[in-house]
Amino acid sequence: SSVAVLLAVQVLVFAALYLPMRQGTRQLQAAQDELKTLVSIDVLTGLFNRRHLMARIEEEFSRASGGGRRGPEAASLAFVMIDIDHFKAINDTHGHAGGDVVLCAISVRLKNCLRAYDILGRYGGEEFLAMLPNTSLEGAKVVAERMRQTVRTTPFKFIGKSIDVRICAGVSIVAAGEADLTPAFRRADEALYKAKGAGRDQVAWT
């Protein structure tokens, strides 16, 4: 009958359109996922970029502070700010390609010193920032020292050459009663410059 023919035609048309539509949807989803990754990830190191890093830190701070109320019962948050010593000299000696290799390799070493739920990102050119939830100042100092030792123990390799790399690290925690992260960031930054002023290749804290 004509109705059966019409139904058969509709089924064929739907079948012919379904696969291209499904493939198009998958391609769109893949493109959206890639865009999301580009927005949040530092292309060179594969770590969080500064913008996404700060957003994640703010989220964790809000969660740990119970919606803004900080007190003795609030979960402690620690920060480790890391800077590569004499990075300009590395670039001058080995070129920017050598510097990029160091940045990528050091990212892996730093990440390997952290727990799965710690947050690490590229804070600036040769600066990195790690946030350690549920960590005391003493605990953060141990992590920072482990990072320092991990970086300095084994030279980095670049086209058959060895590059000795050292880092400084500044450690701080968010103190009870602090309503935002600004003071903790300032203390971590001050500690980092304290380590640099003491001769570099050191961990300092405030």
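About the thresholds
Residues numbered from 1 in each chain as written. Predicted model: local features only at pLDDT ≥ 70, side-chain atom pairs only at ≥ 80, totals over all residues. Heavy atoms only, no water. Buried < 20%, exposed > 50% of the residue type's maximum accessible area, 1.4 Å probe, protein only. Helix = DSSP H or I, 4+ residues; strand = E, 2+ residues; numbered from the N terminus. Pairing = 2+ DSSP bridges. Phe/Tyr/Trp six-rings, centres within 6.5 Å; stacked < 30°, edge-to-face > 60°. Lys NZ or Arg CZ within 6 Å of the ring centre and 35° of its normal. Axes fitted to C-alpha atoms, helices over the stretch in contact; angles between N-to-C directions.

## Overview of the pairing of strand β2 (residues 119-122)
In regular strands, side chains alternate between the two faces of the sheet. Burial of β2 is two-sided: the residues Ile119 and Gly121 facing one way and the residues Leu120 and Arg122 facing the other way are all buried. In this structure, β2 lies alongside strand β3 (residues 127-133), joined through four bridges in antiparallel fashion. Directly across from leucine 120, in β3, lies its bridge partner alanine 130. Taking the residues that link successive antiparallel strands as the turn, the β2-β3 hairpin has four residues.

## With respect to the packing of aromatic side chains
Applying the stated criterion across every chain yields a total of one aromatic pair. Pairing phenylalanine 79 with phenylalanine 185 gives two aromatic rings, centres 4.9 Å apart and planes at 50 degrees, and the pair type is tilted. With phenylalanine 79 in strand β1 (residues 77-84) and phenylalanine 185 in helix α5 (residues 182-197), this residue pair connects regions lying 106 residues apart in the sequence. For phenylalanine 185, a relative accessible area of 12% puts it in the buried group. Seen from the ring of phenylalanine 156, arginine 109 lies directly overhead, with NZ or CZ sitting 3.8 Å from the centre. The ring of tryptophan 205 carries the charged tip of lysine 141 above its face, separated from the ring centre by 3.9 Å.

## Some thoughts on the sheet that holds strand β7 (residues 203-205)
With mixed pairing, the five strands of this open sheet are ordered in space as β2-β3-β1-β6-β7. Only two strands of the sheet have a single partner each, and these edge strands are β2 and β7. The sheet shows a mean angle of 20 degrees between the axes of neighbouring strands, taken without regard to direction. Where strand β6 (residues 167-173) and β7 come together, three bridges link them in parallel fashion.

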